[in-house]
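Here is what each chain is made of, one letter per residue.
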Amino acid sequence: MRTTEKIDGYDLSTSDTEEVHVLAVDDSLVDRKVIERLLRISSCKVTAVDSGRRALQYLGLDEEIQKKETNGFDGLKVDLIITDYCMPGMTGYELLKKVKESSAFREIPVVIMSSENVIARIDRCLEEGAEDFIVKPVKLSDVKRIIDYTTTELREGEQREGARARRRGINKRKQREGDDDLSSSPPSTLSSSTSSSPSSSIQSATAPLSPSTLDSPTRRLKMTSSE
Amino acid sequence: MELVQIQRRLVDYTKSLFMEGFLDAQFLQLQQLQDDSNPDFVFEVVSLFFEDSEKLLNELTIALDQPNVDFKKIDSHVHQLKGSSSSIGAQRVKNACIAFRNYCDVQNIEGCLTCLQQVKQECYLVKNKFETLFRLEQQIMASGGSVPTIELGF
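As the structure is a prediction and not an experimental result, all values here were calculated from the model. (Residues numbered from 1 in each chain as written. Chains lettered and ligands numbered in written order. Predicted model: local features only at pLDDT ≥ 70, side-chain atom pairs only at ≥ 80, totals over all residues. Heavy atoms only, no water.)

**Points about the interface of chain A and chain B**
In this assembly, 16 residues from chain A lie in contact with 24 residues from chain B. Summed over both partners, the interface of chain A with chain B comes to about 1800 Å²; 61% of that surface belongs to carbon and sulfur atoms. Area buried by chain A at its contact with chain B is led by Val30, Lys33 and Arg37 of chain A, which between them contribute 35% of it. There are four salt bridges connecting chain A and chain B. Of the charged contacts, one joins Arg37 of chain A and Asp35 of chain B as a salt bridge, the two residues approaching to 3.1 Å between their closest N and O atoms. Linking chain A with chain B are seven residue pairs in polar contact (both at pLDDT 80 or more). When residues in the side of chain A that touches chain B are grouped by element, the largest group, eight residues, is from helix H1 (residues 29-41) of chain A. Here the side of chain A that touches chain B is composed, by residue class, of nine nonpolar, one polar and six charged. (Contact = heavy atoms within 4.5 Å. Buried area = accessible area lost by both parts, 1.4 Å probe. Salt bridge = Lys/Arg side-chain N within 4 Å of Asp/Glu carboxyl O. Polar contact = N/O pair within 3.5 Å; in protein donor to acceptor, adjacent residues only side chain to side chain. Helix = DSSP H or I, 4+ residues; strand = E, 2+ residues; numbered from the N terminus. Nonpolar A, V, L, I, M, F, W, Y, C, P; charged D, E, K, R; others polar.)

**A look at the UniProt feature "modified residue: 4-aspartylphosphate" (unreviewed entry) in chain A**
All names here are of chain A. UniProt marks Asp84 with the feature "modified residue: 4-aspartylphosphate" (unreviewed entry), using the numbering shown here. Here Asp84 is to be found in strand S3 (residues 80-84). Here Asp84 falls in the buried class, since its relative accessible area comes to 7%. Aside from chain neighbours lying at most four places away, what touches Asp84 is Val25, Asp26, Asp27, Gly92, Met113, Ser114 and Lys136. (UniProt positions renumbered as here; feature names shortened; annotations may be inferred. Buried < 20%, exposed > 50% of the residue type's maximum accessible area, 1.4 Å probe, protein only.)

**Description of the UniProt feature "domain: HPt" (unreviewed entry) in chain B**
The residues that UniProt annotates with the feature "domain: HPt" (unreviewed entry) are residues 38-143 of chain B. Secondary structure content for residues 38-143 of chain B is 86% helix and 0% strand, and the end C-alpha separation is 20 Å.

**Structural notes on empty space enclosed by the protein**
Applying the stated criterion across every chain, the model contains four cavities of 30 Å³ or more. Of the voids in this model, the second largest cavity is the one considered here, and its volume is about 80 Å³. Taken together, Asp26, Asp31, Val34, Ile35, Leu38, Met113, Lys136, Pro137 and Val138 of chain A together with Gln26 and Ser87 of chain B make up the full set of residues lining the second largest cavity. Among the elements that take part in the lining of the second largest cavity, H1 of chain A stands out by supplying four residues, more than any other. A per-class count over the lining of the second largest cavity returns six nonpolar, two polar and three charged. (1 Å grid on protein atoms, 1.4 Å probe; cavity = no way out; pocket = protein on both sides within 12 Å on 5 of 7 lines; lining within 4 Å. Points joined across faces, edges and corners; volume = space filled by probe spheres on them.)

**Comments concerning the UniProt feature "modified residue: Phosphohistidine" (unreviewed entry) in chain B**
Residues annotated by UniProt as "modified residue: Phosphohistidine" (unreviewed entry) correspond here to His79 of chain B. For His79 of chain B, the position within the fold is in helix H4 (residues 71-88).

What follows is the structure in structure tokens.
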């Protein structure tokens, strides 16, 4: 697990670099090396850890380790979590649940990887809020697909944020000029949270994603032979 | 031997590994991940696999030798080995692991012992294949040539 450096004065609340930062979780050393490379070659920043526990620690969600920092996390903002399903200790499913239960991190898309092509398992993960489910072994096209729609969602999220910020700016100006002709719609309608979900697909587990989900597990189930 | 001949040798050898089922398409995925910035990627991953598999095979040998065999533990180890062999495209190892797990499921010790031998054998065989592959690659690099890539449509 790499150590993270504090960067003074650096605004960590928005992803102002182009790169998606992925937290990869897998107990297998071989798989960790492969997923790390797959992500890097897809222009991502990667933090790879070997357990769900360490993933939670990295996020600052581990109950036993209290985070002293006010912003709650120790390193770069995580844009995507990709985790193996079968891991000793905490499974990928349990990690998924913990992330989705947390108010700070539930918006982060979580992708599950598994060598077992079991419909019940896939369904359970999607119902719990998983963004997608990749059947191992992971291929470059799988990673590219996921990074593509994560990037799109991030960009759309920022555009929405930008629009909200502009509206906030306009309202503030009007308030300063006086309230007489203002059919006051105070900023309370605008969310002050910067972590609002950019994507409707996160809310509904079965909502259709981009057309590239033709390649997603449910189609793959029909194509691959069962093990 | 001339560079072109070694390169031809490498291509033919690699193709034969696919034909004989030692390797599958996932190995080509790994090769795609290798480039000038990561010139030894395949070698590194494959080496990791053999370190990992050696440990797992030892654990399996010990576990099957116990008076009370812990099938859950054995299944877990075989699952791991299946996963990592699948990730590097070592198809025959992977298939041997699948058979192994089936015997685990029904708690058949004899079947498990046979499968363990099978898996060990497949690991040994594919290790030799990889060693030959890497040796040919090194010869090519040493002669100043580049390693030819294989398309899947052969």
